[in-house]
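Structure assessment
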Amino acid sequence: MSPVIPGFTYHRVPVADGVSLNAAVSGTGSPIVLLHGFPQTHLMWRHVATDLAADHTVICPDLRGYGASDKPAETDGSGYAKRTMAADIVALARALGHDRFALAGHDRGALVAFRAGLDHPDTITHLACLDVLPTLDMWDALHGVTAAVGFHLYLMAQPPGLPEELIAAAPDAFFGHFLDLWTGDPQAIPAGIRTAYLDACRAAVPSIVADYRASAGIDVTHDLASRDSGDRLRMPVAVLQQDWGAALGFDAATLWSAWAPDLRHETVTCGHFMAEEAPVVVAKSLRDLVAGR
């Protein structure tokens with residue numbers, strides 16, 4: 001049996017033709033949707049979700065292509081565009097009875113949340129992004145030998161075939177590398193959860209690669225169009241990040257403020273998997289955002 005978030009009810013919700021998402025739901029009150037990152041599933045929110053469910057309706061889906069959600073084959077390059085994945089989340093919330101909701105995402109989920117905020121400004125009331133830069137800024141920040149930290153971005157940006165073959169040959173070593181490297185506190189991801197993450201990723205290599213490949217292709221096209229047309233995130237936005245800029249030479253708050261006029265930016269001292277390493281900090285930040293504090 002795969003781990004679950006205690007006290008949450010699980011739903012399988014159709015969100016697009018041939019695509020249903022696995023989602024854990026609990027609580028009452030104003031809705032908050034939480035989107036996981038790589039190489040994880042909705043389980044990364046288990047501590048934050050149970051905390052927030054005391055006074056919010058909390059929805060934790062597996063993204064398209066991840067976990068127990070459907071993993072459609074990529075056919076035209078748009079199946080894993082963040083625009084497509086964001087539309088999934090809006091459809092999921094609507095199917096569960098919520099036309100407007102707060103949205104928080106970590107890592108890959110934060111890129112989906114970012115696109116949802118741009119594409120659906122009347123639906124997303126508040127937006128939080130954890131430990132990521134917008135796609136255009138991410139690519140600009142990676143240069144020279146420091147770009148080696150993002151080798152996986154370049155690997156999965158390659159045309160279909162080789163990345164999938166290489167990763168599928170040693171999936172636990174590949175995905176486990178990031179769980180080890182990016183964790184400030186290894187105890188934050190116990191053995192059972194780590195196994196669940198690795199099992200889920202092993203079964204989703206083509207769709208995970210497609211998600212990353214989109215961020216080197218169609219997502220760049222969409223974000224360039226948004227930037228050129230002056231689109232901005234119109235809702236209150238909170239960003240929690242490690243101090244990447246100290247190592248890679250950028251000012252994260254300045255980069256984010258170009259997209260989010262109503263921005264609160266916080267630098268954290270934990271590792272990348274902050275919802276598991278510092279759940280009290282993350283839950284407080286989300287509550288403060290929604291409450292306007």
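Above this text is the structure in question.
Residues numbered from 1 in each chain as written. Predicted model: local features only at pLDDT ≥ 70, side-chain atom pairs only at ≥ 80, totals over all residues. Heavy atoms only, no water.

1. With respect to the side chain of S207
For clarity, the cut-off: Secondary structure elements are taken from DSSP: a helix is a run of H or I of four residues or more, a strand is a run of E of two residues or more, and numbering for both begins at the N terminus. Burial classes follow relative accessibility: with a 1.4 Å probe on protein chains only, a residue under 20% of its type's maximum area counts as buried, one over 50% as exposed, and anything between as partly exposed. Every residue pair with non-hydrogen atoms within 4.5 Å of one another is taken to be in contact.
With respect to the element layout, S207 can be found in helix α9 (residues 205–214). A residue is classified by how much of its surface remains accessible, and S207, at 5% relative accessible area, is buried. Excluding anything up to four places from it in sequence, S207 contacts G65, K71 and Y80.

2. A short note on the state of the cysteines
In protein chemistry, a disulfide is the covalent bond that joins the sulfur atoms of two cysteines. The line we're drawing: Any cysteine sulfur atom paired with another within 2.5 Å is treated as part of a disulfide.
Overall, the coordinates contain 0 disulfides when judged by the stated rule. Here C60 is not cross-linked by a disulfide; its sulfur's nearest cysteine counterpart is in C129, at 16 Å.

3. Concerning the pairing of strand β6 (residues 124–130)
The following threshold applies: A crossover gets the label right-handed when its path from the first strand over the helix to the second runs clockwise, viewed with the strands pointing away from the viewer. Only strands that DSSP links by at least two bridges are regarded as paired with each other.
With 7 of its 7 residues buried, β6 lies for the most part within the structure. Traced from strand β5 (residues 101–106) through helix α3 (residues 108–119) to β6, the parallel crossover comes out right-handed. Pairing between β6 and strand β7 (residues 237–241): 4 bridges, direction parallel. Bridged to C129 within β7 is V239.

4. Things to note about the packing of aromatic side chains
This is how the line gets drawn: Whether two aromatic rings pair depends on their centres lying within 6.5 Å, for rings of Phe, Tyr and Trp, where Trp uses its six-membered ring; planes under 30 degrees apart make the pair stacked, over 60 edge-to-face, and the rest tilted.
Overall, the coordinates contain 13 aromatic pairs when judged by the stated rule. When the ring of F38 is compared with that of F175, the centres are 5.8 Å apart and the planes differ by 65°; the resulting orientation is edge-to-face. Residue F38 is found in the loop between β3 (31–35) and α1 (46–52), and its partner F175 is found in helix α7 (residues 171–181); the two are separated by 137 residues along the sequence. The residues F38 and F175 share a single accessibility class, namely buried. Ring centres of F178 and W182 lie 4.8 Å apart, and the angle between their planes is 50°; this geometry places the pair in the tilted category. Considered together, F178 and W182 belong to a single accessibility category, that of buried residues. The structure contains a cluster of three or more aromatic residues connected by ring pairs, namely F38, F151, F174, F175, F178, W182, Y212 and F273.

5. Side note on helix α14 (residues 279–291)
Using the following cut-off: One less than the number of residues in a helix, times 1.5 Å, gives the span that helix is expected to have.
Taking 1.5 Å per residue, 13 residues should reach 18 Å; α14 reaches 18 Å between its end C-alpha atoms and fits that length. Those residues of α14 that sit buried are V282, A283, S285, L286, R287, D288 and L289. Two residues or fewer past α14, G292 is found with a positive phi of approximately 80°.

6. Comments concerning the nonpolar core
Note that soluble globular proteins tend to have their nonpolar side chains buried in a common cluster. The condition that has to hold: The definition of a nonpolar core used throughout is a set of buried Ala, Val, Leu, Ile, Met, Phe, Trp, Tyr and Cys residues joined through side-chain atoms within 4.5 Å.
Membership of the largest hydrophobic core comes to 100 residues, with the highest contact counts inside it found for L34, W45 and L103. The biggest single contributor to this core is α3, with 7 residues. Excluding residues within four positions of it along the chain, L103 makes contact with V33, L35, I89, A113, A116, I124, H126, L127 and A128.

7. Quick look at α9
By the criterion of burial, α9 is predominantly enclosed, with 9 of the 10 residues buried. V205, S207, I208, V209, A210, D211, Y212, R213 and A214 are the residues of α9 that are buried.

8. What to know about the environment of D107
Note on placement: D107 falls in the loop between β5 and α3. Separated by 68 residues in the primary sequence, D107 and P39 place their C-alpha atoms 9.3 Å from one another. Residues in contact with D107, not counting those within four places in the same chain, are G37, F38, L130, V132, W182, Y212 and H272.

9. Describing the packing of helix α6 (residues 162–169) against α9
What counts is decided by this rule: To define axes, lines are fitted to C-alpha atoms, for helices over the stretch in contact only, and angles between the resulting N-to-C directions are given on a 0 to 180 degree scale. An angle counts as roughly parallel when it lies under 35 degrees, as roughly antiparallel when it exceeds 145, as roughly perpendicular when it falls between 65 and 115, and as oblique in every other case. Note: crossing handedness is left-handed where the near helix turns anticlockwise from the far helix by less than a right angle, and right-handed where it turns clockwise. Each residue gets one of three labels, nonpolar for Ala, Val, Leu, Ile, Met, Phe, Trp, Tyr, Cys and Pro, charged for Asp, Glu, Lys and Arg, and polar for the others, Gly among them.
One way to put it is that α6 packs onto α9 with a least axis distance of 10 Å and a crossing angle of 135°. By the angle between their axes, α6 is oblique relative to α9. The two elements α6 and α9 cross, and the hand of that crossing is right-handed. Two secondary-structure elements touch here, α6 through P163, E164, I167 and A168 and α9 through V205, P206, V209 and R213. Counted by class, the contact of α6 with α9 contains 6 nonpolar, no polar and 2 charged residues.

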